[in-house]
Amino acid sequence: GNSVTQMEGPVTLSEEAFLTINCTYTATGYPSLFWYVQYPGEGLQLLLKATKADDKGSNKGFEATYRKETTSFHLEKGSVQVSDSAVYFCALRNFGNEKLTFGTGTRLTIIP
Amino acid sequence: DGGITQSPKYLFRKEGQNVTLSCEQNLNHDAMYWYRQDPGQGLRLIYYSQIVNDFQKGDIAEGYSVSREKKESFPLTVTSAQKNPTAFYLCASSATQGTEAFFGQGTRLTVV
C-alpha cells in the first residue's frame, strides 16, 4: 500500500535560517505529491504540489521537487519567518485512488 | 466564495449521546472525506464518498456513520459506540482523481 514518511519533529529554527523537512514515500505508479500546512486550531491548507517526476512545486518561498529516483519530496525554504511556525504534512494520492495518504506531520517553530 | 464549511467549530457532548458534525461544500466536488486528528498526531481517514448515495469506510470507521444524500453535504455522526471521541475532526473534498483535497476549518469535539 501507499505510505508517507516524514521527518520527525518538532523542529525549531531561528528566523532567517534555512529549512528542510524531509519526506519520502512508497507508492505504485506515479502519485501526485503535496505539502499541506496547518496553523493552530485550523484546517489544512495546500502549500504546494507536484504531479509528475522532476516537477517543482513552489509557493510563499517554499519549494519541493518530485524525485522519482529517490522517492522523495523534501520541503525547503531559504529564509524562514516567525509566521511560518505551523505543522507541515506531506501527502500523496495515486491516480485512480481517491484516498490521500498523509505523513504524521512535522511541527515547525521559528524563534525571533 | 467557494469553500468547505464545517459547523460547529466547537462541540461538547455528554457520554452516551450521538452527535452530528456538519460539512458543506460549494466547490462542486464529487469526493468528500472525514478525517480525525488527535493531538500531536497525523490524520486518520474515517469515511469517504466518491458519489452521492455511496460511501466507503476508511481506516477507523468503527463508532462513526455518514450519509451522502446531496453532493454538497457529507455529515458525520459520532455515535455512543465510539470509545474515545474527543478529537479534532476535519472534512475535505476534491474534484477529479489525482488532485488535491481542500479542507474545512475543523470541528473540535469534546466529550464531557
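Definitions and limits used
Residues numbered from 1 in each chain as written. Chains lettered and ligands numbered in written order. Predicted model: local features only at pLDDT ≥ 70, side-chain atom pairs only at ≥ 80, totals over all residues. Heavy atoms only, no water. Helix = DSSP H or I, 4+ residues; strand = E, 2+ residues; numbered from the N terminus. Rg over C-alpha atoms; globule rule 2.2 N^0.38 Å. Buried < 20%, exposed > 50% of the residue type's maximum accessible area, 1.4 Å probe, protein only. Contact = heavy atoms within 4.5 Å. Areas by Shrake-Rupley, 256 points an atom, 1.4 Å probe, with all protein chains shown as cover. Phe/Tyr/Trp six-rings, centres within 6.5 Å; stacked < 30°, edge-to-face > 60°. Buried area = accessible area lost by both parts, 1.4 Å probe. Salt bridge = Lys/Arg side-chain N within 4 Å of Asp/Glu carboxyl O. Polar contact = N/O pair within 3.5 Å; in protein donor to acceptor, adjacent residues only side chain to side chain. Disulfide = S-S within 2.5 Å. Pairing = 2+ DSSP bridges. Axes fitted to C-alpha atoms, helices over the stretch in contact; angles between N-to-C directions.

A. Quick look at the overall build of chain A. Each helix and strand in chain A was counted, giving zero helices and twelve strands. Ordering the α and β elements of chain A from the N terminus gives β-β-β-β-β-β-β-β-β-β-β-β. A globule of 112 residues ought to have a C-alpha radius of gyration of about 13 Å, and chain A, at 13 Å, matches this closely. Taking all 112 residues of chain A together, the buried fraction comes to 45%. Long-range pairs, those at least 24 residues apart, make up 56% of the contacts in chain A with a sequence separation of at least 6. Just so you have it, chain A exposes about 5,200 Å², and 50% of that area is on carbon and sulfur atoms.

B. Here's a closer look at the packing of aromatic side chains. Tallied over the entire structure, the rule returns 13 aromatic pairs over all chains. With 6.2 Å between their ring centres and 45° between their planes, A:Phe34 and A:Tyr36 make a pair best called tilted. Residue classification places A:Phe34 among the buried positions, given a relative accessible area of 0%. Between the aromatic rings of A:Phe102 and B:Tyr35, the centroid separation amounts to 5.5 Å while the plane-to-plane angle is 85°, which identifies the pairing as edge-to-face.

C. Representation of the interface of chain B and chain A within the structure. At the interface, 24 residues of chain B touch 20 residues of chain A. Each partner contributes to the roughly 1,900 Å² buried at the junction of chain B and chain A, and carbon and sulfur atoms together form 52% of this total. Here B:Glu100 ties to A:Lys49 by a salt bridge, and the two come within 2.8 Å at their closest N and O atoms. Our count for the chain B to chain A interface comes out at seven residue pairs in polar contact (both at pLDDT 80 or more).

D. Looking closely at the state of the cysteines. In total, this model carries two disulfides over all chains according to the counting rule given. In this model A:Cys23 forms its disulfide with A:Cys90; the gap between the sulfur atoms is 1.9 Å. Negative torsions about the S-S bond denote left-handed disulfides, and the value of about -70° found for A:Cys23 with A:Cys90 makes this one left-handed. You can see A:Cys23 sitting in strand β4 (residues 23-26) and its partner A:Cys90 sitting in strand β10 (residues 86-93), a full 67 residues away along the chain. Each disulfide pairs two cysteine sulfurs, and for B:Cys23 the partner residue is B:Cys91, the sulfurs being separated by 1.9 Å. Handedness of the B:Cys23-B:Cys91 disulfide follows from its S-S torsion of about -75°: it is left-handed. Taken together, the positions of B:Cys23 in strand β3 (residues 19-25) and B:Cys91 in strand β9 (residues 87-94) put the pair 68 residues apart, joining distant regions of the chain. For B:Cys91, a relative accessible area of 0% gives the class buried.

E. Quick look at the sheet that holds strand β7 (residues 64-66) of chain B. Residue and element names in this part refer to chain B. The strand order β1-β3-β8-β7 describes an open sheet built from four strands, whose pairing is antiparallel. Of all the strands in the sheet, just β1 (4-7) and β7 have a single pairing partner and so form its edges. Looking at each pair of strands side by side, their axes are set apart by 20° on average, direction ignored. When β1 meets β3, the two strands line up antiparallel, connected through four bridges. Residue pairing in the sheet places Ile4 in a bridge with Gln25 of β3.

F. Inspection of the pattern of salt bridges at higher detail. Taken as a whole and judged by the stated rule, the model has seven salt bridges over all chains. When the shortest N-O distance is used, the salt bridge between A:Asp84 and A:Lys77 registers 2.8 Å. For A:Asp84, a relative accessible area of 7% gives the class buried. The partner of B:Asp30 in a salt bridge is B:Lys71, and the shortest N-O contact between them spans 3.4 Å. A residue pair is termed long-range when its members are at least 10 positions apart, and B:Asp30 in the loop between β3 and β4 (31-37) and B:Lys71 in the loop between β7 and β8 (76-78) qualify at 41 residues. You can call B:Asp30 partly exposed: its relative accessible area is 38%. Classification of B:Lys71 by relative accessible area gives partly exposed; the value is 24%. Taken together, the shared-partner salt bridges connect B:Arg36, B:Asp38 and B:Arg44 into one network.

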